[in-house]
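So you can see what is in the structure, the chains are spelled out below.
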Amino acid sequence: MMKKISLFLGTLILTVALCSTALAGEPQDRLKTGIDSVIAILSNSALKGPAKRAERQAKLRTVADSFFDWHELSRRAAAEHWAKFSPKQQDDFVVSFSELLQKTYIRKLEKYNNEKVTYLKEQTEGDKAFINTQVSMKDKTIPINYYMIKHEQWMVYDVVVEGVSLVKNYRVQFAKILSKDSPESLIQRIKDKIKFLDEGKNVDDVAS
Amino acid sequence: MHTQFRSLLATLALTLFCSAAALAAGTTTAGPTEPASLAQQPVVTNMLLAYGDVDIWDETGQIIKRPASGEKMTMSDLAAQTADPLEGWNRMWFGFNDKLYFWALKPVAQGYGAVIPERPRLWVHNFFHNLMFPVRFVSLVLQGKPDAAAVETSRFIGNTAFGLGGFADITADSKPYKPIGSTEKDLGLTFGYWGAGNGMYLVWPFLGPSSARDTVGYAGDYFLTPVSYIHPWYWSIATKGYDKINEVSMRIGDYETLKDASVDPYEAVRDAYLRNRFKKVND
């Protein structure tokens with residue numbers, strides 16, 4: 001009898017333990033889908049090489065657009081200055097800011113070299129979620145955490161890399177500019193930066 | 001022999017001095033046992049607080065506990081608000097370091113990286129990392145983490161004796177039975193762990209972003225770094241320079257992305273440095 005119970009209990013515990021890994025919540029599943037499709041594009045041999053760069057980057061952008069809530073992200077980066085933007089300026093700002101982010105970080109993603117992503121922990125509260133992940137590189141592991149929000153679907157609105165929040169990092173920069181200048185000139189500054197990067201004369205100039 | 005003894009004494013004296021100073025600071029500020037997610041003193045005047053959207057979690061995923069006063073900042077936000085009274089001066093050195101990187105460090109590191117494959121560069125990285133053991137060990141002991149210090153010691157012995165003097169990181173996959181937290185510590189982080197604030201933000205030529213606290217820590221680390229004792233002094237500098245080039249060769253692109261993506265690179269680096277250091281204090 002005792003033996004039967006313990007056998008039953010053992011099976012139960014094992015089943016629960018095995019299932020819990022598969023039972024990640026909705027936000028994490030969604031995040032994983034996004035990251036997996038990015039990795040699929042980056043490791044797709046048909047899309048490799050400089051000749052395919054445009055095609056590859058267009059695909060990555062489509063994925064990014066469907067997983068990042070650019071509006072929420074921009075609004076939070078502008079923080080309390082957001083109210084000073086006119087509706088048109090807000091749209092303009094979201095478009096140019098997300099363009100700057102995609103342009104620079106997709107270039108960075110291109111250096112992907114089979115790093116493994118591990119999903120560590122997921123927390124959900126109402127329409128918000130927080131997910132801890134870890135990217136294992138050759139000589140170190142980098143913690144990357146995601147803030148997500150649910151509208152129709154779960155979308156990422158902030159990324160924390162090694163303790164540095166993307167939104168908050170921009171919030172300081174924008175606050176400094178907006179305390180002196182108008183939203184219009186901030187948008188212009190972002191557009192100038194994009195133009196600057198497009199012309200390829202980017203980083204070697206000191207912009208302090 | 002005599003000089004070695006003297007330098008040892010100097011190290012000891014400095015460490016004691018630093019610990020005494022920081023201990024004194026530690027008694028006036030709150031201990032590290034406080035929940036990391038909660039900012040302690042309400043800084044009401046900051047305009048970022050007027051922003052209505054309250055986050056549920058802080059940067060590490062801890063739930064932000066909100067006391068009656070309605071605290072909306074994380075500890076990381078507080079660290080990121082470290083004063084920058086010497087901004088003009090700091091910006092000048094930021095510009096200097098930026099040029100140093102693009103005109104000297106990066107081309108040399110790229111050339112070096114083109115000649116030496118990644119794997120040997122990883123060995124060199126392991127060697128120098130292993131050599132920095134005294135910094136980590138002393139910091140962990142001063143933070144009262146004997147378990148972590150012991151693990152660091154066994155890694156050092158293992159890698160030195162059986163990993164070809166540290167070139168192979170053979171202990172990387174050996175995990176301790178109990179989680180011990182990060183062992184990547186230095187004296188600046190130790191002072192932070194004791195409760196010392198950053199003081200103010202500083203940018204040093206060659207060394208990059210720092211703070212008053214981390215500068216004192218760096219001075220202490222200098223004496224705990226074996227490479228500092230290479231004689232004559234220019235070989236010591238050259239060795240450190242080589243270590244730096246080797247590190248840069250494995251990190252090319254990181255700084256470029258941050259700089260490309262930001263509208264004010266100086267502010268972006270400052271925020272990133274302060275928040276990253278805060279995270280490391282609590283890791």
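Quick caveat: nothing in here was measured; it's all calculated off a predicted structure.

## Some words on the overall build of chain A
A tally of helices and strands in chain A yields seven helices and five strands. The secondary structure elements of chain A, listed N-terminal to C-terminal, are α-α-α-α-α-β-β-β-β-β-α-α. Burial status across chain A gives 28% buried among its 208 residues. Counting contacts in chain A only where the partners sit at least 6 residues apart, residues at least 24 apart contribute 51% of the total.

## Regarding the nonpolar core
Counting residues in hydrophobic clusters, the biggest one holds 32 residues, and the most contacted among them are A77, A78, F97, M148 and V156 of chain A. Sorting the residues of this core by element identifies α4 (70-78), α5 (87-109), β2 (128-136), β3 (141-150), β4 (154-161), α6 (166-178) and α7 (183-198) of chain A as the ones contributing at least two each. If one sorts the elements of this core by residue count, α5 of chain A sits on top with five residues. Setting aside anything within four residues of it in sequence, one finds F97 of chain A in contact with S74, A77 and I190 of chain A. With 24 residues, the next largest nonpolar core counts W93, L187, Y201 and Y273 of chain B among its residues.

## Considering the confidence of the model for chain B
Parts of the prediction with low pLDDT should not have their coordinates interpreted in detail. Residue and element names in this part refer to chain B. Averaged over every residue, the pLDDT of chain B is 83; the share at 70 or more is 78%. Element-level pLDDT for chain B is lowest in helix α1 (residues 2-28), with a mean of 47, against a maximum mean of 97 in strand β1 (residues 201-204). Ignoring residues within four places in sequence, the model shows residues 14-52, a span with pLDDT below 50, making 62 contacts including any to other chains. Both confidence scores are given for the complex: pTM 0.82, ipTM 0.84.

## A word on the environment of V172 of chain A
Its location among the elements puts V172 of chain A in helix α6. The class for V172 of chain A is buried, based on 23 C-beta atoms found within 10 Å. When residues no more than four places from it in sequence are discounted, the contact partners of V172 of chain A are E267 and D271 of chain B.

## What about the interface of chain A and chain B?
Frequently, the measure chosen for interface size is the accessible area that the parts lose on association. The interface of chain A with chain B comprises 40 residues on the first partner and 38 residues on the second. Looking at the side of chain A that touches chain B, the elements that each hand over two or more residues are α5, β1 (116-125), β2, β5 (164-165), α6 and α7 of chain A. Top contributing element to the side of chain A that touches chain B by residue count: α6 of chain A, with seven residues. When grouped by side-chain class, the residues that make up the side of chain A that touches chain B number 15 nonpolar, ten polar and 15 charged.

## Considerations on the sheet that holds β5 of chain A
Residue and element names in this part refer to chain A. Ordered by their spatial adjacency, five strands build an open sheet running β1-β2-β3-β4-β5, and the pairing between neighbours is antiparallel. With one partner strand each, in any of the chains shown, β1 and β5 form the two edges of the open sheet. As paired strands, β4 and β5 are joined by two bridges and run antiparallel to one another. Directly across from V161, in β5, lies its bridge partner V164.

## Description of helix α6 (residues 146-162) of chain B
Residues and elements named next belong to chain B. Taking 1.5 Å of rise per residue, 17 residues should cover 24 Å, and α6 covers 24 Å from first to last C-alpha, within 8% of that figure. For α6, the set of buried residues is A148, A149, V151, E152, R155, F156 and N159. Angular distribution of buried residues about the axis of α6 spans 160°; they occupy a single face of the element. Opposite the buried face of α6, by more than 90 degrees, sit the exposed residues P146, A161 and F162. Residues of α6 that are buried in the fold lie against α4 (118-131) and α5 (133-142). Within two residues after α6, L164 carries a phi angle of roughly 55°, on the positive side.

Reading the values: the criteria
Residues numbered from 1 in each chain as written. Chains lettered and ligands numbered in written order. Predicted model: local features only at pLDDT ≥ 70, side-chain atom pairs only at ≥ 80, totals over all residues. Helix = DSSP H or I, 4+ residues; strand = E, 2+ residues; numbered from the N terminus. Buried ≥ 20, exposed ≤ 12 C-beta atoms within 10 Å, placed from the backbone. Contact = placed C-beta atoms within 7 Å. Core = buried A, V, L, I, M, F, W, Y, C linked by C-beta atoms within 7 Å. pLDDT = per-residue confidence, 0-100. Nonpolar A, V, L, I, M, F, W, Y, C, P; charged D, E, K, R; others polar. Pairing = 2+ DSSP bridges. Expected span 1.5 Å × (residues − 1). Arc of directions from axis to C-beta.

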